[in-house]
Each structure stands twice: as structure tokens, then as C-alpha cells.
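Chain residues, written in single-letter form:
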Amino acid sequence: MRTKRILSASDGIYHCMSRTVNGAALFKEREMEMFRQMLHRVADFSGLEVLTYCMMNNHFHVLVRVPEASSVSDTELIRRYRMLYPKPTVNQAASAERIAQELKSNGPDAATIRAQLLARMGDISAFMKTLKQRFSTWFNKTHQRFGPLWSDRFKSVLVEGKGNALQTMAAYIDLNPVRAGLVNDPKDYRFCGYAEAVSGQKKAVAALKFITAGLYECSDTDALQSYRCMLFGKGGAPKAGASQFNRAQAIHVLEEEAGKLPPHILLRCRIRYFSEGAVLGSREFINSHLEKWQHSTRQRHRSKPRQIQSQASEPLVVLKGLRGPGYL
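Predicted model, so just to flag it, every value in this text is computed and none were measured.

Asks: I'd like a rundown of the overall build of the protein chain, residues and numbers included.
Replies: Tallying secondary structure elements over the protein chain gives 15 helices and seven strands in all. Considering only residue pairs separated by 6 or more positions, the protein chain has 70% of its internal contacts joining residues 24 or more positions apart. Of the roughly 16,900 Å² that the protein chain leaves accessible, carbon and sulfur atoms contribute 50%.

Below, the structure written as C-alpha cells:
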């Protein structure tokens, strides 16, 4: 039975991940670039904020902030709708114009149009559905294929929106290409949020400021420096000439030393808690979602939060226990 998602009652942050059918390595630079563009367009349409992401050859990760619901003007609705079609066909352009005229004149279909558009905004499931469907349509048409592209519904973890939990999850996502041995430094991997921030992309820099400082209070330079320290563990970066972080050493330390890993070593491993843990954050944050989790999973016994083994100053706690190893 599929477990219901844990959703935040207000401003929420989610780590979402989806993989191709059979894990097939289908995506090259062209596909990754198209996905990157669609990701930002769909996020804009949905009224969500991409904090960071990483697109790999057979899966993607995205860390998304869903802000509290607010009113959306008709002008903004039209702008967002057109954002989905940067190069509209004749029919798409006509549809956008019809919607604009109906809303402007407050015609008989205006209320229905508003409701239909708003239902697709401010919702993590609607965002992921739109993103995956649009990319699948483009991919199948481009490669003259048919059938499903993604293996299953997307995985999601509700993440505490501040401090160690948020920073660790963001770094875990941006370090995907390092763990895969593709680059020594995530700034050199074009299809991740950190590389976009380093290149000066304004929204990516703003997102990094939120991750490192909360409410965009620090300077761009301080945010980039702080996050880079997080990525490399203040000197834990790989040595010159190394093809990737030393994953084998991380696993050795994990097994031989009872899993007491420093944060920068922890992030070198593929940790299932980060994609399957349901809720990730401090013990206080986890406790605030225990009752909702209990109700959604119909468990008879109260769930016991588990602390992820690490030597971080702020321990990370996960709500959902895993079958099998948590570290791979």
C-alpha cells in the first residue's frame, strides 16, 4: 500500500526525486538542459521556489519551497499560464488570448478558469505531475518513442525549513555528481542548483541565501562561501587529481566506527533517508508531524523517530524507518 505524503500545513519545503523506468540512462546534455528550463518554468507557473536541484542521466532531485497560499491576480494568472508556453503554437497562443479576454471581462467562464488554474498552483503534487508529464511528452516526441518514461510516482520528504536539516539536504542534492564520479567539484556540473548560483543566476543565488541564512539576510558572497564550506566540510574536499569523493572510506568509517560520520563524510554516501524518510529535521520538527503521520499510515503503534548517525552539531532526525540499509 502506498504511503500518503506528509504535507506541511503552511510554508513547506520538500525534497522530491524521480527515476526513469528500469533506471535507464536516457538523459544527455540536451535532455538535461530541456529539463532545467522546464523545471524553472513550471515552478514559476506553480508559484513555487526551486531551492536547488540536480539532473542526472536517469533521475533527478529537486528541493522545492511551497510558500503559504496567497491571492493571485488575474494579470499574474495569465503571466504564469504563458510561462508554460515560451514558444506557443497557434492554438496555444489563441488559448492564452481567450483566457486573458475572459478574465479581463469577467465573463461566464472566468470563475471556472480561475479555479482550474489555481488548483494547479501552490501544490507539490500538481507541480511534480506537470513537470514530469511535460518533460515526458517532449522526450517521447523528440526520440520517437511512446510509453511511460518515469518508473513510478515521485518520492518526497518533508524537510525542516531552516538550519542543519535544510542545509544538509541541499548539499546532499548538489553533491550527486560528485558521488557519481562525474566531477570533483559540484560547481563544474552544469545541471545543479549550486553551479547555477556560482554562475550568478539570480534566483539560484537567492535560494542559496535562503538555505544558508533563512530569510535572504546575508550577502551573495557570504552565502556562496558559507554553502561551499558546507559542501566540502571546511577542508574535507577531495584532493587535487581525485576523480571523486572517497566513498569507500566513508563506508569503512560507517561500518567500523558505528556510523559516527562527520557531516562532510556523511554527504558523500547515498543515504536513503534523504529520499525515503518521509520527514527530515530536528526532533522538535519531527514531533510536530507525528500525529499526522500516524493518521495517514493508519499505524496502531506510535512511530519512533530515528536519529541519523552523524557528528553534526544539530542532530538530524527522520520520521520513517527504512527496510534494508539506510546507507548505500
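Asks: Help me get a handle on the side chain of Thr52, residues and values and all.
Replies: Counting through the fold element by element, Thr52 comes out in strand E2 (residues 49–55). For Thr52, the side chain forms a polar contact with the side chain of Asp174, separated by 2.8 Å. When neighbours within four sequence positions are excluded, Thr52 is seen to be in contact with Val62, Leu63, Ala170, Ile173, Asp174, Gly193 and Tyr194.

Asks: Account for the pattern of salt bridges, with residues named and values stated.
Replies: It is possible for side chains of opposite charge to pair when their charged atoms get near one another. This model, assessed by the stated rule, comprises 12 salt bridges. Its salt-bridge partner being Arg79, residue Glu76 comes within 3.0 Å of it at the nearest N-O pair. A residue pair is termed a helical-turn pair when its members lie 3 or 4 positions apart in one helix, as Glu76 and Arg79 do in helix H2 (residues 74–83) at three residues. The partly exposed category is assigned to Glu76, whose relative accessible area is 22%. Taking the shortest distance from any N to any O, the salt bridge between Lys187 and Asp188 comes out at 2.9 Å. Here the residues in one salt-bridge network are Glu33, Arg36, Arg190 and Glu196, joined through shared partners.

Asks: Can you break down the pairing of strand E1 (residues 12–19) residue by residue, with the values?
Replies: Every regular strand shows the same layout, with side chains that alternate between the two sheet faces. With seven of its eight residues buried, E1 lies for the most part within the structure. In terms of strand pairing, E1 meets strand E3 (residues 59–66) through eight bridges, oriented antiparallel. From the neighbouring strand, Gly12 faces E3, where its bridge partner is Val66. Where E1 and strand E4 (residues 155–159) come together, five bridges link them in antiparallel fashion. Looking at the pairing, Tyr14 lines up with Leu158 of E4.

Asks: Kindly report on the confidence of the model for the protein chain, identifying the contributing residues and their values.
Replies: Residues with a pLDDT of 70 or more make up 72% of the protein chain, whose mean pLDDT is 80. At the low end of the mean pLDDT range in the protein chain sits helix H11 (residues 247–256), at 47; at the high end sits E2, at 97. For the stretch residues 234–245, pLDDT sits under 50, and the model shows 25 contacts to residues farther than four places along the chain or on other chains. Low pLDDT, under 50, characterises residues 249–255; the predicted model gives this stretch 12 contacts beyond four residues in sequence or across chains.

Asks: Explain the nonpolar core residue by residue, including any values.
Replies: Ranked by internal contacts, the top residues of the largest apolar core, which has 80 residues, are Val62, Leu63, Phe127 and Phe135. At eight residues, the largest contribution of residues to this core is made by helix H1 (residues 29–46). What Phe127 contacts, discounting residues up to four positions off in sequence, is Leu39, Val42, Ala43, Ser46, Leu48 and Val64.

Asks: So what's going on with the packing of H1 against H2? Which residues, and what values?
Replies: At a minimum axis distance of 8 Å, the contact between H1 and H2 shows a crossing angle of 160°. Comparing their axes, H2 and H1 come out roughly antiparallel. As for the relative orientation of H1 and H2, their crossing is left-handed in sense. Residue-level contacts link Arg41, Asp44, Phe45 and Ser46 of H1 to Arg79, Arg80, Tyr81 and Met83 of H2.

Analysis parameters
Residues numbered from 1 in each chain as written. Predicted model: local features only at pLDDT ≥ 70, side-chain atom pairs only at ≥ 80, totals over all residues. Heavy atoms only, no water. Helix = DSSP H or I, 4+ residues; strand = E, 2+ residues; numbered from the N terminus. Contact = heavy atoms within 4.5 Å. Areas by Shrake-Rupley, 256 points an atom, 1.4 Å probe, with all protein chains shown as cover. Polar contact = N/O pair within 3.5 Å; in protein donor to acceptor, adjacent residues only side chain to side chain. Salt bridge = Lys/Arg side-chain N within 4 Å of Asp/Glu carboxyl O. Buried < 20%, exposed > 50% of the residue type's maximum accessible area, 1.4 Å probe, protein only. Pairing = 2+ DSSP bridges. pLDDT = per-residue confidence, 0-100. Core = buried A, V, L, I, M, F, W, Y, C linked by side-chain atoms within 4.5 Å. Axes fitted to C-alpha atoms, helices over the stretch in contact; angles between N-to-C directions. Parallel < 35°, antiparallel > 145°, perpendicular 65-115°, else oblique. Left-handed = near helix turned anticlockwise from the far one by under 90°.

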